[in-house]
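# A closer look at the structure
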Amino acid sequence: DRGADISWLSQYPHEKETLLPPLMGLQVRSTGVEGSTLVIQCSFSINMATPTLEQVAGKRLKLLTDMGAQMAAEVRRGVADEAAEEASQLVRVHLGLERGHASRGAARRQG
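Let me begin by describing the structure that accompanies this report. The model shown is predicted, which means the values in this text are computed figures rather than measured ones.

### Topic: the overall build of the chain
- Looking only at helices and strands, one finds 2 helices and 4 strands in the chain.
- The burial tally for the chain puts 8% of its 111 residues in the buried class.
- Summing over all exposed atoms, the chain offers an accessible surface of approximately 9,700 Å²; the carbon and sulfur share of this is 59%.

Shown next, in the form of structure tokens:
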């Protein structure tokens, strides 16, 4: 379970092919010839603490899902903050605390 099945990529559909992870060790146990095929018996040296491909993919999926949720929450907060600021500004203008008040003062100075 430490390699990826890549048989679907093989030009020989009857062969099972596996992509081995980086730094995996192979120790040759024996060799022989069967017909016109060289057969090599190997044993694998694997660090069992290394996660499987499914575990790595699962962790990556969780990381990206969590990051997407955080980004969506930030956008929602930003939109809410923007809307609140816009509403506050409209109230201040309506009450004459901002632009409306400044324009009245300017009108008084001109008159």
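### Here's the deal with the pattern of salt bridges
- Scanning all chains against the criterion turns up 1 salt bridge.
- The salt bridge involving Lys62 is made with Asp66; its shortest N-O contact spans 2.7 Å. Of this pair, Lys62 and Asp66 are both found in helix α1 (residues 53–94), 4 residues apart, which corresponds to roughly one turn of the helix.

### Looking at α1
- Here α1 spans 61 Å end to end across 42 residues, near enough to the 62 Å set by a 1.5 Å rise per residue.
- Gly96 lies just past α1 and shows a positive phi near 80°.

### Examining the pairing of strand β3 (residues 25–34)
- Of all 10 residues making up β3, only 0 are buried, and the element is barely covered by its neighbours.
- Strand direction decides the pairing type here: β3 and strand β4 (residues 37–45), joined by 9 bridges, are antiparallel. Across the sheet, residue Gln27 finds its bridge partner in β4, namely Ser43.
- Adjacent in sequence and paired antiparallel, β3 and β4 are bridged by 2 residues, among which Gly35 carries a positive phi angle near 65°.

### Details of a nonpolar patch on the surface
- Together, Leu20, Leu26, Phe44, Ile46 and Met48 make up a nonpolar patch on the protein surface, roughly 490 Å² of accessible area in all.
- Following the sequence through the fold, Leu26 ends up in strand β3.
- Look at Leu26 and you get exposed, because its relative accessible area is 51%.

### Quick notes on the side chain of Ser43
- Positionally, Ser43 belongs in strand β4.
- Here the side chain of Ser43 touches Arg29 through a polar contact of 3.1 Å, side chain to side chain.
- Dropping the residues within four chain positions of it, Ser43 is found in contact with Gly25, Leu26, Gln27 and Arg29.

The rules behind each value
Residues numbered from 1 in each chain as written. Predicted model: local features only at pLDDT ≥ 70, side-chain atom pairs only at ≥ 80, totals over all residues. Heavy atoms only, no water. Helix = DSSP H or I, 4+ residues; strand = E, 2+ residues; numbered from the N terminus. Buried < 20%, exposed > 50% of the residue type's maximum accessible area, 1.4 Å probe, protein only. Areas by Shrake-Rupley, 256 points an atom, 1.4 Å probe, with all protein chains shown as cover. Salt bridge = Lys/Arg side-chain N within 4 Å of Asp/Glu carboxyl O. Expected span 1.5 Å × (residues − 1). Pairing = 2+ DSSP bridges. Patch = residues over 30% accessible without salt bridge, like charges linked within 9 Å, V, L, I, M, F, W, Y side chains within 5 Å. Polar contact = N/O pair within 3.5 Å; in protein donor to acceptor, adjacent residues only side chain to side chain. Contact = heavy atoms within 4.5 Å.

Nothing here speaks to function; it is geometry throughout.
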